[in-house]
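Listed here are the chains, written in short residue letters.
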Amino acid sequence: MAPGGFLCHYLPSRRGGRRKPRHDSVTSQYRATDHTNELNSPASSLQLNVPASTNAPDIPSSQRNSHPDFANLTWPTPTSLPQDHASRIRLDQGGRSWDCDDRFPRLFYEHFHVAHPILVPYCSYKDRNYPQFLQLVVSFVGSHYAPSSFSQQLRDKVDAELASNPDRSPCMVQAWLIYSIALYARGEQEKAQDALSHSTEIAFELGMNRWDFASASQPERSIEAESMRRTWWELYVTDIFMAVQLKTITFRCSTVAPDVGLPCEDSVFAGGCDVPEPRKMLDFKRRVFAPDETVFSSFSYRIEAATILCRVLVLNRLRDYHRDHLQAIENALVSWVNHLPPRKLDIVDSYGNVDEMMFQAHLTIAYAAMLLHLPRSDLQPLLSQPDDRFWPSATCHLSSTFTRLVHSIKATEASRRISDMISVCPNIQKHTPFIVPALALCGMIQLATSISHSEECFDHHCNRVTLILGCLKSTKRTWNSAEAAYHGLRSSASDILSDSIERWNEGPLEKSIPSQSTSNDIDRPTQGAPAVTTIAEGQSLLVPELVPAFIDPTCYNASYFNCLAEFDIN
């Protein structure tokens, strides 16, 4: 047995004669390998423990298809598996070959699946035995979260597999959908749209937008049926988020009646047990008129938040509209918050567990508010750039019941909520890639606000911009889409904040308090020496004298324009 896991076959010495390879020896080598694990692994065609230069046994194609050892087996060729590919994998993976390493699917579930939970839970992933093309997509997405991976090699394999596979099943819908989000996160917008179109086309062809589709082939309360419902609603949400940066809108999923059952809570779905009976969107909309408060799943509130975002996108692209149209969306933004049950106001529980669906829902509402109010505010001319894809625009600015000042305040308030949420849940890798445009816009609004506000609250805005820059810097190590957002915000912040930082740094403690006099001369500072402030044990740090020097001033104590309470970890 060679160190790389290969079976070695030594031919008898034939000095003076030519050696001939024995195909039967090679054939026995393949048959001795446990192909069951290889075929169930995420990238079976990349997992053969043979050198790329080895040719496949000379076996008729008909016999290969019927033989259990060769069914669905892709033989390595110079085009499908480069000669040095296996060695690079073994080198980068610490000597482990692919068939022994399932870390890419695990990384997929630890990060991406948390934000887009449509496949069966991880505990059921191997037993589910998804088709090879879907397993390849899972491994491709998971590879982005590895320090050194083979994302590009897997990307090429996924492209070839999806393009050539005629499958028209729900698994293909899921594969194209997950792939489209990954391409979007990689900054490949056009290809992401094409992938989403493939997914949507097959979904409509299968009738996944109908209530009875999920329960047509399996029990309605099964994990598989729940996965089908989640797949449709994820298509719905993704269709809206991908349209944010498009100049023209061609919504597909949101133009049909919402007939699919609503997803259950993620905690129930992740448990792998029977899910509760699905609830209808009509019941969700009627909840505001119910005598008793009814709590729906976090996924349901995320769907409604995405619907409001969709309305904002449509309004901003209309050439003309009545002010009541704008006011109706503003009413929807405020009503969404006011009708949340108390336990859905928080995005984390007392144990620090993040409700990712509610996090996305709250962030989507704040993002929609920024997109609605920013084009109609006084902040628009301060940072607007013709080629800035993150900065929204609206064809009509004057048809509003609010003044530009009120729009500015509301846009700033929405950006503050986003930065507050990120400070509570800073692990960006476990959030959706769709967060990148919202973060970029949040930072730009804080920059614009720092220009319009006095320097007394400069540090307040600077700290928020610094927070967003750090999050984008962390995200761009995983997803390329954050690269442009990071550099755009960083260059703008450098131009705008540099002078203020220099002035602020000239005397950060000039407003510090005079020393507290004591009866002992030894405690008094010597002449010419700076004053020294001491804090007795148990004394509160927030003494009035220390506030101006060490506590950043805020823009306001409370905002009349924010109906959402501060996020509470308890």
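Just so it is clear, the model here is predicted, and its values are computed rather than measured.

Within the protein, the regular secondary structure consists of 22 helices and zero strands. The burial tally for the protein puts 49% of its 570 residues in the buried class. Considering only intrachain contacts with a sequence separation of at least 6, the fraction spanning at least 24 residues in the protein is 74%. For the protein, the exposed area adds up to about 27,900 Å²; of that, 52% sits on carbon and sulfur atoms.

Within the structure shown, the criterion is met by 14 aromatic pairs. Judged by centre distance (5.5 Å) and plane angle (65°), the rings of Y109 and Y125 are edge-to-face. With a gap of 16 residues between them, Y109 in helix α5 (residues 103–115) and Y125 in helix α6 (residues 125–128) connect regions that are remote in the sequence. The exposure class of Y109 is buried, given its relative accessible area of 7%.

Quick look at unusual backbone geometry now. Backbone geometry at N129 places phi at a positive 55°, although glycine is not the residue there. Relative to the elements of secondary structure, N129 occurs in the loop between α6 and α7 (132–143).

What follows covers the confidence of the model for the protein. Considering every residue of the protein, the mean pLDDT works out to 75; 66% of them sit at 70 or more. Mean pLDDT across the elements of the protein ranges from a minimum in helix α4 (residues 85–92), with 34, to a maximum in helix α9 (residues 170–185), with 97. Note that pLDDT drops below 50 for residues 12–100; the model gives that stretch 114 contacts with residues more than four away or on any other chain. The low-confidence segment residues 538–552 (pLDDT under 50) makes 15 contacts with residues lying over four places distant or belonging to another chain.

To continue, consider the pattern of salt bridges. Side-chain pairing between opposite charges can occur once the charged atoms of the two side chains come close. Per the counting criterion, the structure on display carries 20 salt bridges. Across the pair R416 and E413 runs a salt bridge, and its minimum N-O distance is 2.7 Å. Placement of the pair is R416 and E413 together in helix α18 (residues 404–424), with a separation of three residues, close to one helical turn. Across the pair, exposure class does not vary: R416 and E413 are buried alike. Several salt bridges share partner residues, and in doing so they unite R155, D159, R186 and E188 into one network.

Next up on the list: helix α19 (residues 435–452). Taking 1.5 Å of rise per residue, 18 residues should cover 26 Å, and α19 covers 26 Å from first to last C-alpha, within 8% of that figure. Of all 18 residues that make up α19, 16 are buried, and the element is covered over most of its length.

Judged by nonpolar contacts, the single largest core of 137 residues is most densely connected at V141, W336 and I418. Look past the residues within four positions of I418 in its chain and what remains in contact with it is L363, A366, Y367, M370, A438, L439 and C442.

Another aspect to go through is the packing of helix α16 (residues 356–373) against α18. It is the contact of α16 with α18, at a shortest axis distance of 8 Å, that shows an interaxial angle of 155°. The angle between α16 and α18 falls in the class roughly antiparallel. Crossing of α16 against α18: the hand is left-handed. Note on element contacts: α18 touches α16 through H407, K410, A411, A414, S415, R417, I418, M421 and I422, opposite F359, H362, L363, I365, A366, Y367, A369, M370 and H373.

We now examine the packing of α18 against α19. Direction vectors running N to C along α18 and α19 enclose 125°, while the axes themselves pass 9 Å from each other. When the axis of α18 is compared with that of α19, the two are oblique. You can see that α18 and α19 cross each other, and the crossing is left-handed. Across the interface between the two elements, A411, T412, S415, R416, I418, S419 and I422 from α18 touch I435, A438, L439, C442, I445, Q446 and T449 from α19.

For the coordinates displayed, the defined rule picks out zero disulfides. For the unlinked cysteine C442, the closest cysteine sulfur is that of C471, found at 9.3 Å. Accessibility expressed as a relative area gives 0% for C442, which makes it buried.

Before going further, it helps to spend a moment on the environment of A195. Note on placement: A195 falls in helix α10 (residues 189–206). A residue is classified by how much of its surface remains accessible, and A195, at 2% relative accessible area, is buried. For A195 and Y184, which are eleven residues apart along the polypeptide, the C-alpha to C-alpha distance reads 9.8 Å. In this structure, A195 is in contact with W176, Y179, S180 and L183, ignoring residues within four places of it in sequence.

What counts, and where the lines are drawn
Residues numbered from 1 in each chain as written. Predicted model: local features only at pLDDT ≥ 70, side-chain atom pairs only at ≥ 80, totals over all residues. Heavy atoms only, no water. Helix = DSSP H or I, 4+ residues; strand = E, 2+ residues; numbered from the N terminus. Buried < 20%, exposed > 50% of the residue type's maximum accessible area, 1.4 Å probe, protein only. Contact = heavy atoms within 4.5 Å. Areas by Shrake-Rupley, 256 points an atom, 1.4 Å probe, with all protein chains shown as cover. Phe/Tyr/Trp six-rings, centres within 6.5 Å; stacked < 30°, edge-to-face > 60°. pLDDT = per-residue confidence, 0-100. Salt bridge = Lys/Arg side-chain N within 4 Å of Asp/Glu carboxyl O. Expected span 1.5 Å × (residues − 1). Core = buried A, V, L, I, M, F, W, Y, C linked by side-chain atoms within 4.5 Å. Axes fitted to C-alpha atoms, helices over the stretch in contact; angles between N-to-C directions. Parallel < 35°, antiparallel > 145°, perpendicular 65-115°, else oblique. Left-handed = near helix turned anticlockwise from the far one by under 90°. Disulfide = S-S within 2.5 Å.

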